[in-house]
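This is what each chain is made of:
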Amino acid sequence: MDKSNPPGKIAPYHHPAAGWGALKYVAINLIKERVAGGNYRMLFKQNQADGFDCPGCAWPDRQHASTFEFCENGVKAVAAEATTKRVTPAFFAEHTVDALMAQTDYELEQHGRLTDPMVYDPASDKYVPIAWQQAFELVASHLQRLPSADQAAFYTSGRASNEAAFLYQLFVRMYGTNNFPDCSNMCHEATSRGLPGTVGVGKGTVTLDDFEQADTIIIFGQNPATNHPRMLGELREAARRGAVIVSVNPLRERGLERFASPQHPVEMITMGSTPIASTFIQPRLGGDFALIKGVAKYVIERDDLAQANGTARIVDVDFIRQHTLGFEAFAEDLRREDWALLEAESGVARAEIENLGRIYVAGKRVIATWGMGITQHKHSLQTVQLLSNLLMLCGHVGREGAGICPVRGHSNVQGNRTVGIEEKPSAAFLDSLGKVFRFEPPRAHGLDVVETIAHMLEGKVKVLMGLGGNFAMATPDTLRTFDGLRACELTVHITTKLNRSHLVHGKAALILPTLGRTEIDDSSGVAQGITVEDSMSMVHISYGMNAPASPNLLSETAIIAHIAQATLGDARVNWLAMAGDYGKIRDAIEQVIPGFEHYNARIQQPGGFHLRVASRERDWETASGKANFIVHAVQQDTPIQRARQQHGERLMTLMTTRSHDQYNTTIYALDDRYRGVFGQRRVVFINPADIAMLGFADGDWVDISTVWDDGIARRANYFRLVAYDIPRGCIAGYYPETNPLVPLGSVGDVCNTPTSKSIPVLLHPSAPPQALPAF
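Treat the numbers as computed from the prediction; the structure is a model and nothing was measured.

A. Examining the pairing of strand β22 (residues 538-542) more closely. Across the 5 residues of β22, 4 count as buried, placing the element largely inside the fold. For strand β21 (residues 530-533) and β22, the ladder comprises 4 bridges, and the chain directions are antiparallel. The partner of Val-532 across the bridge, within β22, is His-540. Joining the antiparallel neighbours β21 and β22 is a turn of 4 residues, in which Ser-537 adopts a positive phi near 65°. For β22 and strand β23 (residues 609-610), the ladder comprises 2 bridges, and the chain directions are antiparallel.

B. Molecular detail of unusual backbone geometry. Of the consecutive residues Tyr-735 and Pro-736, the connecting peptide bond is found in the cis state with omega at 10°. With respect to the helices, strands and loops of the structure, Pro-736 is situated in the loop between β32 (730-734) and β33 (759-765). Residues other than glycine seldom take positive phi values, yet Met-271 does so here, at roughly 60°. Looking at the secondary structure, you find Met-271 in the loop between α12 (265-269) and β11 (274-275). Overall, Met-271 belongs to the exposed group, its relative accessible area being 63%. Although it is not a glycine, Arg-438 sits at a positive phi angle of roughly 55°. Turning to its location among the elements, Arg-438 is positioned in the loop between α21 (427-437) and α22 (449-457). Take Arg-438: its relative accessible area is 61%, and that puts it in the exposed class.

C. Structural view of the nonpolar core. Core analysis: the biggest nonpolar cluster contains 63 residues, and Phe-154 and Phe-437 have the highest contact counts within it. Beyond its immediate chain neighbours, meaning those up to four positions away, Phe-437 contacts Phe-166, Leu-170, Met-174, Val-573, Ala-588 and Val-592. By size, the runner-up hydrophobic cluster in this structure holds 55 residues, among which are Ala-190, Ala-368, Leu-390 and Cys-394.

D. Inspection of the sheet that holds strand β5 (residues 118-121) at higher detail. The 6 strands are arranged β6-β5-β18-β17-β16-β7 in an open sheet whose pairing can be described as mixed. The strands lining the two open edges of the sheet, one partner per strand, are β6 (126-129) and β7 (152-156). On average, adjacent strands in this sheet sit at an angle of 20° to one another, irrespective of strand direction. The sheet contact formed by β5 and β6 spans 4 bridges and is antiparallel. Across the sheet, Val-119 pairs through a bridge with Val-128, a residue of β6.

E. A look at the packing of helix α13 (residues 288-309) against helix α17 (residues 350-362). At a closest axis distance of 8 Å, the pairing of α13 and α17 adopts a crossing angle of 65°. Where α13 crosses over α17, the handedness of that crossing is right-handed. The segment α13 lies against α17, with Leu-291, Gly-294, Val-295, Tyr-298, Val-299, Glu-301 and Arg-302 engaging Arg-350, Ile-353, Glu-354, Leu-356, Gly-357, Arg-358, Tyr-360 and Val-361. For the contact of α13 with α17, a count of residues per class yields 8 nonpolar, 2 polar and 5 charged.

F. Highlighting the environment of Leu-554. With respect to the helices and strands, the residue Leu-554 is situated in the loop between β22 and α25 (556-568). By relative accessible area, Leu-554 is classed as partly exposed at 24%. Along the primary structure Leu-554 and Arg-728 are separated by 174 residues, whereas in three dimensions their C-alpha atoms are 51 Å apart. Every residue in contact with Leu-554, bar those within four places of it in the chain, is listed here: Trp-132, Phe-136, Pro-513, Thr-514, Leu-515 and Ile-559.

G. Region of interest: the layout of surface pockets. Its boundaries defined by the atoms lining it, the largest pocket holds a volume of some 1000 Å³. Lining the largest pocket are 30 residues; nearest its centre among them are Val-201, Lys-203, Arg-417, Thr-418 and Ser-426. Considering only residue class, the lining of the largest pocket consists of 12 nonpolar, 10 polar and 8 charged.

H. Representation of the pattern of salt bridges. Taken as a whole, this structure holds 50 salt bridges when the rule is applied. In this structure, Arg-193 engages Glu-423 in a salt bridge whose closest nitrogen and oxygen atoms are separated by 3.4 Å. One end of the pair, Arg-193, is in helix α8 (residues 189-198); the other, Glu-423, is in the loop between α20 (413-418) and α21, with 230 residues separating them in the sequence. Salt bridges sharing partners connect three or more residues here, namely Asp-182, Glu-189, Arg-193, Arg-417, Glu-422, Glu-423 and Lys-424.

I. Looking closely at empty space enclosed by the protein. If you walk through the whole model with that rule in mind, you get 6 cavities of 30 Å³ or more. In this structure, the second largest cavity occupies an estimated 190 Å³ of space. Forming the walls of the second largest cavity are 17 residues, and the residues nearest its centre are Leu-515, Gly-516, Arg-517, Asp-521 and Ile-530.

J. Region of the structure containing the packing of aromatic side chains. Tallied over the full model, the rule gives 23 aromatic pairs. Aromatic pair Phe-171 and Trp-575: ring centres 6.4 Å apart, planes at 85°, arrangement edge-to-face. Residue Phe-171 is located in helix α7 (residues 162-175), and its partner Trp-575 is located in helix α26 (residues 575-580); the two are separated by 404 residues in the primary sequence. Per residue, the accessibility class of Phe-171 equals that of Trp-575, and both read buried. One aromatic cluster is present, built from ring pairs that chain together Phe-154, Tyr-168, Phe-171, Tyr-175, Phe-180 and Trp-575. Note that Arg-602 overlies the ring of Phe-609, its terminal NZ or CZ placed 3.9 Å from the centroid.

What counts as what
Residues numbered from 1 in each chain as written. Predicted model: local features only at pLDDT ≥ 70, side-chain atom pairs only at ≥ 80, totals over all residues. Heavy atoms only, no water. Buried < 20%, exposed > 50% of the residue type's maximum accessible area, 1.4 Å probe, protein only. Helix = DSSP H or I, 4+ residues; strand = E, 2+ residues; numbered from the N terminus. Pairing = 2+ DSSP bridges. Core = buried A, V, L, I, M, F, W, Y, C linked by side-chain atoms within 4.5 Å. Contact = heavy atoms within 4.5 Å. Axes fitted to C-alpha atoms, helices over the stretch in contact; angles between N-to-C directions. Left-handed = near helix turned anticlockwise from the far one by under 90°. Nonpolar A, V, L, I, M, F, W, Y, C, P; charged D, E, K, R; others polar. 1 Å grid on protein atoms, 1.4 Å probe; cavity = no way out; pocket = protein on both sides within 12 Å on 5 of 7 lines; lining within 4 Å. Points joined across faces, edges and corners; volume = space filled by probe spheres on them. Salt bridge = Lys/Arg side-chain N within 4 Å of Asp/Glu carboxyl O. Phe/Tyr/Trp six-rings, centres within 6.5 Å; stacked < 30°, edge-to-face > 60°. Lys NZ or Arg CZ within 6 Å of the ring centre and 35° of its normal.

Right under this line is the structure:
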């Protein structure tokens, strides 16, 4: 590779998000995945009441909006499932695991759908076919001979249905452990742990109807155009009726600047577009807490002035008096806070903070949304609580057109948690589960993702089972995670496509191929529907419509039931009967979990039903029975600040992020067109002034090393510098390529989420690579 001719190109993208560009890439992906022409009709059943739920993001569905409810990235997810490319036993016979490890994650994805259960053969370093029953018995034998059930861990990705997830947790708790590491541990755990302390429930309070009434929408740390593209439709309608939309993000994302809606022919034909956000605020990485505290301080100062002048109060006095505790201490802390500190820690000038404060105060119905930009920092839980407190100041919780809106990632990550995928289950849930199924569930808290990796490294977890996902690449500290997986006695992955987790395996390893969301799940001649819960607590049913990729596939639910049957027998639960009729699983969920009354009947309604969120109704399920204002100080002794004291301005703060052609760890292609990156992924977005300060030039190649205090060297090599509009001292790179730089011990307070948006790193000159690393 010659430096004068690097792979790919950098070319600024001047078009609006979506529009004709999205339609072009929809066509490209359908062709690239060799989707049969007859299957194109499935797109018109995507996110429809009589169709299937998108296996991608968790944005809610409109049941009345148009004839199609899919987006570009949703099509990529569906095309990846509906591909006619296949990974058969013949493929594995041709490739050793060692040879496959040399392929990139994108190359692994492109081989297509898995067709048959496979077991690792150490003698040949290849996967070889295994009969389903033998596979189930192999898992059972490993689980049965463990001295303690806590030596096994059971991972869940957010694509699993409510039915599969409930059966999974029932099996695992009957087996005897609460070790449920799941993808939520790495994304919205700060939301799930933080909101109960302020408003009582770890979920959002809004529905899509609220977006139709909101006059102010503030979007924190979120890139809807890539991660939740259908959200842009709601933002477009809000902007066109005059709502104020604010983007708070270190990166100024194209999708929040302009959007061309493929659902509106006039806009497409005229090459028009709709401006979305009117205000862009770019805090430094980790600066959101200080920024939000500054806005809250502005509100209190304005309210104090109003009281002094005898004019109308700024805060919602009635809401605070009737529904909250802790306001006076919260307000006094804000009065004492130093503006200079808030400016320095947020990286935002006081004038900008106060302007955001004016926008907030002017709003009568304010929605705050957030994503990983808020939740993947050391003080993420405190930031979530502070943001909910800001909304509480003016009564924007439990009000129509206003409220709390954490936007979840994977399609059913919220539903998984609701039905019991939880390493710290409540006593009430365990009591109910035990009563319905007549057993005593384990009470000790289990392991989350970070703890599971640590226990694998220490030899304390010997079996890892993955219900979907790509554990090896989704998790932090990649090389240490690899070591942990390889130390296991058995790794098992229930999956649709080949990924690196199948190649970084235990001493024994199984790949168990499963049906995709788009495929017909036929049990005893009856098509089974599965249910999911979206980001706004709507539960609805989904039916696949494509023929299975292979006649040798089983559903996730069936695989779990057979493993449970082989491991525990059927004396207490008829596992196979439940897998034969998902309605029976839903009946069990109804008995165990409040809110699912008449489950099977209610999912027959178009659009399903809304699970009650108490805080939406101003019913506060906190210990005090009120919504709580909580005082948090600005953290000044953080790993970033300590590293900067040592290395000065050369210390950079790294955030990991997705490209546009990516969903979680799944790489669909090598472009990130909204950011102007094409044909490559090993790039680092960096402020031009920092490029000059560090003595580099735009386009130079660098290596990245982590600054951490545990004596472990972490380095990722060969990244191309891309000058970008990002705050000084901050850089961004794609995961999973940058995950090796995230220390296992760098986690958020209380929630234990990897701090993937605030990693202290140094950049080093690198020779142009002859070949780029596979991962």
